[in-house]
Amino acid sequence: MNADRLLSSFLDLVAVESPSFHEAPMAALCARLLADLGFAVEVDGSAEATGSDTGNLIARLPGTAPGRLALAAHLDTVMPCAGIEVVREEVAAAEMGPAYEPDGPALEVLRSAGATILSADDKAGIAAILEGVRSAMEAGAPRPDLTVLLTTCEEQSLLGASALAEGALAWPAGLASGFDGAPGGRPAPGTPLPCYVLDADGRPGTIITGAPCHWTMAAEFSGRAAHAGVEPEAGASAIAMAAAAVSAMGLGRLDERTTANVGVIAGGTAVNVVPASCRLEGECRSLDAGRALAQRDAMTAACERAAAALGGAVEVTWALDYPAVLFDDDAPVVARAAAAARAAGLAPRLARTGGGADANVLGAKGCQAVTLGIGMANFHSTDELIAVRDLEGAARLVEALIAEYAG
Ligand SMILES: [Zn+2]
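Let me begin by describing the structure that accompanies this report. (Residues numbered from 1 in each chain as written. Predicted model: local features only at pLDDT ≥ 70, side-chain atom pairs only at ≥ 80, totals over all residues. Heavy atoms only, no water.)

Here we take up helix α4 (residues 120-139). Its 20 residues place the ends of α4 27 Å apart at the C-alpha level, agreeing with the 28 Å of an ideal helix rising 1.5 Å per residue. Most of α4 is tucked away: 17 of the 20 residues are buried. Downstream of α4 by a residue or two, Gly140 has a phi angle that is positive, lying close to 70°. (Helix = DSSP H or I, 4+ residues; strand = E, 2+ residues; numbered from the N terminus. Expected span 1.5 Å × (residues − 1). Buried < 20%, exposed > 50% of the residue type's maximum accessible area, 1.4 Å probe, protein only.)

In structure tokens, the structure reads:
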């Protein structure tokens, strides 16, 4: 792992603005960098479905030994991301949180000058993949067939990964493979592809074994408009219905695996009109698909009871944004990530998260997808930062994964 090259590659990636739906310049840069490493690069046809100005980037490098490995990250970032200025400074270890030894030496971190995000989410992931692959190639050690997947619109409910076509990650018949000539040859079609998504907080070595499914709710309450001063009795307040429904719902952290939230409320037209309509938007998440369905039904019932009690009606719709991922602690795809972490000098730590990532949908795309921590902190904010040593750890982890999956 070449630390200087890693840092300069990270800064090059950060310099290219790539908010969701506008990832084309970033995709072009990554395509060039991967092609320079010898990858066969293609852009899939997902742009039409996602509304982005580019598709997902899929790059393949034939192995020198039997084995398969996919590495994934996302091209897009949240905003504000225009003109990111990176500053390098020292931060006391105690300020970095419990994952760092409080009495340890100060840490060098990268952060933005303040007006924007840093975009370590997920350019640190991309930089780690590029440097890890490059280092493995320079070392000349055996390597598996490598697939690099860089998705669009991850920050938009995983739109890019969701739009990957069935079979898009299969190894093309016409492309050489490290399995060629090996006993048993190439894996049977349909054999899940181990895929590591470099896109979580937590120091490198963090292995996300569970992430919840995500349901989104929209509830439209209908009441009856009336003059609020002259004949309020003739009205039925849709805002009161929505308020009663929210009050009756269990929200927040419901159990170890389940959360729920109402995040948007909008309704009414003027202070002197009993409101005839009100809209609620909310969500529920759970590692347990059945528990999520039960919570979804309870939130629907709360809406229906409130509407009926106050003389109105409600229409509730739910959409599943992505399913849950849940691996046993001793699943091979987890154990091999832990082995690679140890080989890279990192402490493996298994964790579950309440957020979604591309791994949530890649399970349905022929992958066994596990998200890995890369050390980004305070992400989705202008306080976002990453410790230089964590960026380096993520790149060493990629190199160790390549070694782990060779043969
Ligand atoms: Zn991310």
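Moving on from the model shown.
Taken together, His74 (NE2), Asp121 (OD) and Asp199 (OD) make up the full set of protein donors to the zinc ion, lying 1.9 to 2.1 Å away. Within one chain, the residues serving as donors to the zinc ion are arranged as H-x46-D-x77-D. Here the residue His74 occupies a position in strand β3 (residues 68-74), and Asp199 occupies one in strand β7 (residues 193-201), the gap between them amounting to 125 residues. Each of the two residues, His74 as well as Asp199, counts as buried. (Donors = N, O, S within 2.8 Å, 3.2 Å for Na, K, Ca; no water.)

So, on to the sheet that holds strand β13 (residues 313-322). In space, the five strands of this open sheet follow the order β10-β11-β12-β9-β13, with antiparallel pairing throughout. Sheet topology places β10 (252-255) and β13 at the edges, where each strand pairs with a single neighbour. Strand after strand, the sheet turns through a mean of 20° between neighbouring axes, direction not considered. Judged from the three bridges that link them, β10 and strand β11 (residues 258-267) form a sheet pairing that is antiparallel. From the neighbouring strand, Asp255 faces β11, where its bridge partner is Thr258. (Pairing = 2+ DSSP bridges. Axes fitted to C-alpha atoms, helices over the stretch in contact; angles between N-to-C directions.)

There is about 570 Å³ of room inside the largest pocket. Among the elements of the structure, β7, β8 (206-211) and β15 (349-352) are those that each provide at least two residues to the lining of the largest pocket. Class assignment for the residues of the lining of the largest pocket results in nine nonpolar, eleven polar and eight charged. Lining the lining of the largest pocket are residues from two domains, each supplying at least three of them: domain 1 (3-211 + 324-404) and domain 2 (213-322). Taken together, 20 residues form the lining of the second largest pocket, with Ala99, Tyr100, Gly202, Arg203 and Pro204 sitting closest to its centre. (1 Å grid on protein atoms, 1.4 Å probe; cavity = no way out; pocket = protein on both sides within 12 Å on 5 of 7 lines; lining within 4 Å. Points joined across faces, edges and corners; volume = space filled by probe spheres on them. Nonpolar A, V, L, I, M, F, W, Y, C, P; charged D, E, K, R; others polar. Domains from an automatic or database assignment.)

The next subject is the packing of helix α2 (residues 24-36) against α4. Two numbers describe how α2 lies on α4: the axes approach to 11 Å, and their chain directions differ by 15°. With respect to each other, α2 and α4 are oriented roughly parallel. Of the two elements, α2 crosses α4, and the hand of that crossing is right-handed. Packed against α2, whose contacting residues are Met26, Cys30, Leu33 and Leu34, the element α4 presents Lys123, Ile126 and Leu130 at the interface. Of the residues in the contact of α2 with α4, the class split is six nonpolar, no polar and one charged. (Parallel < 35°, antiparallel > 145°, perpendicular 65-115°, else oblique. Left-handed = near helix turned anticlockwise from the far one by under 90°. Contact = heavy atoms within 4.5 Å.)

Once that is clear, we can look at empty space enclosed by the protein. Scanning the model with the defined rule gives one cavity of 30 Å³ or more in all. A volume near 40 Å³ is recorded for the largest cavity. Split by residue class, the lining of the largest cavity holds three nonpolar, one polar and two charged.

What follows covers helix α7 (residues 289-309). Over its 21 residues, α7 runs 30 Å from end to end, which matches the ideal 30 Å to within 8%, given 1.5 Å per residue. Residues of α7 that are buried: Ala292, Gln295, Met299, Thr300, Ala302, Cys303, Ala306 and Ala307. The buried residues of α7 occupy an angular sector of 150° when projected down its axis, which confines them to one face. Those residues of α7 that are exposed and aimed more than 90 degrees away from the buried face are Arg305, Ala308 and Ala309. Residue Asp288 occupies the N-cap position of α7, its side-chain oxygen lying 2.9 Å from the main-chain nitrogen of Gly290. Looking one or two residues past α7, Gly311 carries a phi angle of roughly 80°, positive in sign. (Arc of directions from axis to C-beta. Polar contact = N/O pair within 3.5 Å; in protein donor to acceptor, adjacent residues only side chain to side chain.)

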